[in-house]
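Architecture and fold: a report
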Amino acid sequence: MRKDKILVIGANGQIGSVLTKALRAAFGNDAVIATDIRNAVDQAPFELLNILDADRLAEIIDRYKITQIYHLAAILSAKGEANPRGTWNINMEGLFNVLEVAIAKKIDKVFFPSSIAVFGTKSPSIATPQDTILNPTTVYGISKQAGELWCNYYFERYGLDVRSVRYPGIIGYESAPGGGTTDYAVEIYHEAIKHKQYECFLSAHTELPMLYMPDAIRGTLQLMEAPADQIRSRTSYNLAGMSFSPAEIATEIQQFIPEFKISYKPDFRQKIADSWTKSIDDQEARKDWGWKPDYDLHSMTENMLENLYKEYKEAV
Ligand code: AKB
């Protein structure tokens, strides 16, 4: 058997940075090559990589004898709306570069993150099943839906072992999100600690599916470690953790910081959030490869605040 050598593309991002650490803990530091379009401190081995540069991608794969790829580079829902064609180009051409090089270099496994952004106003909004009507309204959501179908195509046509989950909003203390519609659910914890107040860009009762980072990382690694014959979906798996609204997360934070106050000033992201579903059904992931989240809103809030307090204390 070949020794696993893992390439993480987008290793500076919200999920990429935490996933890189987890992969290094599991496989050894030098077995995981971090790449990103921006330089990173503290990430060696690290290579600069623009995912649109297919030659550089192939060169890095050859140099490090890569056997697995985690492709996390993408423009998210809110930021993507500012430049729809540019977002489509980065999200789709980036994925094609990964899928093509994976075939050419006989890569063992590829991970492609999809998102709840594939759902739309015609998808059932409560406990949305995995296989259902998809009518995404953002360019990000459209690119993720198309990406899922292309992953399935490369699996069916070329036998590429590509695996995917639909991430809900991801909340974590180690890294900052950027350009998403669910970003408020991370910002709110920082603002609660720093200023005891937060102005939310979504309205009070906008309920969305969310997942705590440790669960997201564990689920991702679990999917990638599962025997190939257990992966019955080659488009993407729904991955659920919890669902809540800004008002509900604020009430939860008030259990720990009673003086915390929230106000609401919905902006263009409200329309995106309104097009997504409120909760998702992840029974396929549970059945096929044993997925089960550990955290709910209460235990996540307790853990987030504890870790953020530590971080802010160490920073002063
Ligand atoms: C976003 O808000 O765009 C992302 C996502 C749900 O994929 N966090």
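It should be noted that the structure appears before, not after, this text.
Counting restarts for each chain, with residues numbered from 1 along the sequence as it is written. Totals for whole chains, interfaces and linings use all residues, but because this is a predicted model, local features are given only for residues with pLDDT of at least 70 and pairs of side-chain atoms are given and counted only at 80 or more. As a convention, hydrogens and water are excluded, and side-chain values are obtained from all of the structure's heavy atoms.

**What to know about the sheet that holds strand S10 (residues 237–238)**
In any sheet, the strands associate via hydrogen bonds between backbone groups, in a parallel or an antiparallel arrangement. The rule for pairing is simple: two strands pair if DSSP sees at least two bridges between them. Strands are runs of DSSP state E lasting at least 2 residues, helices are runs of H or I lasting at least 4, and numbering of each runs from the N terminus. The seven strands are arranged S3-S2-S1-S4-S5-S6-S10 in an open sheet whose pairing can be described as parallel. Two strands lie at the open edges of the sheet, namely strand S3 (46–48) and S10, each paired on one side alone. Where strand S1 (residues 6–9) and strand S4 (residues 68–71) come together, four bridges link them in parallel fashion. For Ile6, the partnering residue across the bridge sits in S4 and is Gln68. We call two residues in contact when some of their heavy atoms are within 4.5 Å. A fitted line through C-alpha atoms serves as each axis, taken over the contacting stretch for helices, and the angle formed by two N-to-C directions is quoted from 0 to 180°. With respect to the sheet, helix H2 (residues 54–64) is in contact with S1, strand S2 (32–36), S3 and S4, its orientation differing from that of S3 by roughly 160°. Sheet strands in contact with helix H4 (residues 84–104) are S1, S4 and strand S5 (109–115), and its direction is about 175° off that of S4.

**Some thoughts on the site of the ligand**
Summary of the distance rule: residues count as near a molecule or strand when at least one heavy atom falls within 4 Å of that molecule or strand. Taken together, Leu76, Ser77, Ser115, Ile116, Tyr140, Gly180, Thr181, Thr182 and Trp276 are the residues near the ligand. As used in this structure description, the phrase polar contact means that two N or O atoms lie within 3.5 Å; if the pair is within protein, one of them must be able to donate a hydrogen and the other to accept it, and residues adjacent in sequence are counted only when both atoms belong to side chains. Contacts to the ligand include Ser115, whose side-chain N or O atom sits 2.7 Å from an oxygen atom. Alone, the ligand offers 260 Å² of accessible surface; in the complex the protein occludes 94% of this. For this classification, the nonpolar set comprises Ala, Val, Leu, Ile, Met, Phe, Trp, Tyr, Cys and Pro, the charged set comprises Asp, Glu, Lys and Arg, and every other residue, Gly included, is treated as polar. A per-class count over the shell around the ligand returns four nonpolar, five polar and no charged. Boundaries between domains were set according to an automatic or database domain assignment. Two domains each provide a minimum of three residues to the shell around the ligand, namely domain 1 (6–168 + 212–238) and domain 2 (171–208 + 241–278 + 294–315). Reported accessibility uses the Shrake-Rupley method at a 1.4 Å probe radius. Residues are deemed covered only where the shown protein chains occlude them.

**A few points about the sheet that holds strand S11 (residues 242–244)**
On the basis of which strands lie adjacent, the open sheet formed by three strands has the order S7-S9-S11 and mixed pairing. Both outer strands of the open sheet, strand S7 (169–171) and S11, are each paired with one neighbouring strand and no more. Strand-to-strand twist of the sheet, defined as the mean angle between neighbouring strand axes without regard to direction, takes the value 45°. Two elements, strand S9 (residues 208–212) and S11, share three bridges in a ladder whose sense is antiparallel. Residue Leu208 lies in a different strand from S11, and its bridge partner there is Phe244.

**Some remarks on the environment of Met300**
Assignment of secondary structure puts Met300 in helix H11 (residues 297–315). On the basis of relative accessible area, Met300 is assigned to the buried category, the value being 0%. Apart from residues lying up to four places away in sequence, Met300 is in contact with Ile171, Tyr189, Tyr212, Met242, Phe244 and Tyr295. Summary of the burial criterion: residues with accessible area below 20% of their type's maximum are buried, those above 50% are exposed, and those between are partly exposed, where the area comes from a 1.4 Å probe applied to protein chains only.

**Describing the environment of Asn12**
Tracing the chain through its elements places Asn12 in the loop between S1 and helix H1 (14–27). Linking Asn12 and Asp36, residues 24 residues apart in sequence, is a C-alpha distance of 6.2 Å. With residues up to four places along the chain from it excluded, the contact list for Asn12 reads Ser17, Asp36, Arg38, Asn39, Ala40, Gln43 and Phe46. Among the polar contacts made by the side chain of Asn12, one reaches the main-chain carbonyl oxygen of Arg38 at a distance of 2.8 Å.

**Concerning H11**
Look at H11: 26 Å from first C-alpha to last across 19 residues, which is about the 27 Å you get at 1.5 Å a residue. Every buried residue of H11 is accounted for by Leu297, Met300, Thr301, Asn303, Met304, Leu305, Asn307 and Leu308. If you follow the buried residues of H11, they end up packed against S7, helix H6 (184–195), S9, S11 and helix H8 (246–256). Between the side-chain oxygen at the start of H11 and the backbone nitrogen of His298 there is a gap of 3.2 Å, and the oxygen is on Asp296. The span expected for a helix works out to 1.5 Å for each residue beyond the first.

**Here we look at the nonpolar core**
One finds Ile171, Tyr184, Tyr189, Phe244, Ile249 and Met300 to be the most contacted residues of the largest nonpolar core, which totals 37 residues. Those elements that provide at least two residues to this core are H6, strand S8 (197–200), S9, S11, H8, helix H9 (269–275) and H11. Here the element with the most residues in this core is H6; it accounts for seven residues. Two domains each provide a minimum of three residues to this core, namely domain 1 (6–168 + 212–238) and domain 2 (171–208 + 241–278 + 294–315). Note on terminology: a nonpolar core comprises buried Ala, Val, Leu, Ile, Met, Phe, Trp, Tyr and Cys residues joined through side-chain atoms within 4.5 Å.

**Observations regarding unusual backbone geometry**
One non-glycine residue, Lys65, adopts positive backbone phi at about 50°. Summarising the element assignment, Lys65 is placed in the loop between H2 and S4. For Lys65, a relative accessible area of 62% gives the class exposed.

**A word on the packing of aromatic side chains**
Pairing of aromatic rings covers Phe, Tyr and Trp, the last counted by its six-membered ring, and requires centre-to-centre distances within 6.5 Å; plane angles under 30 degrees mean stacked, over 60 mean edge-to-face, and any other angle means tilted. Throughout the structure, instances matching the rule amount to 12 aromatic pairs. With 4.7 Å between their ring centres and 75° between their planes, Tyr212 and Tyr295 make a pair best called edge-to-face. Of the two residues, Tyr212 sits in strand S9 while Tyr295 sits in the loop between helix H10 (283–289) and H11, which places them 83 residues apart along the sequence. Given a relative accessible area of 0%, Tyr212 falls into the buried group. The partly exposed category is assigned to Tyr295, whose relative accessible area is 23%. One aromatic cluster is present, built from ring pairs that chain together Phe96, Trp150, Tyr153, Tyr154 and Tyr158. The lysine or arginine in question, Arg234, covers the ring of Phe155, its NZ or CZ lying 4.3 Å from the ring centre. The aromatic ring of Phe201 is capped on one face by Arg269, whose charged end is 3.5 Å from the ring centroid. The criterion is that NZ of a Lys, or CZ of an Arg, lies within 6 Å of the ring centre and within 35 degrees of the ring normal, and then a charge sits over that ring.

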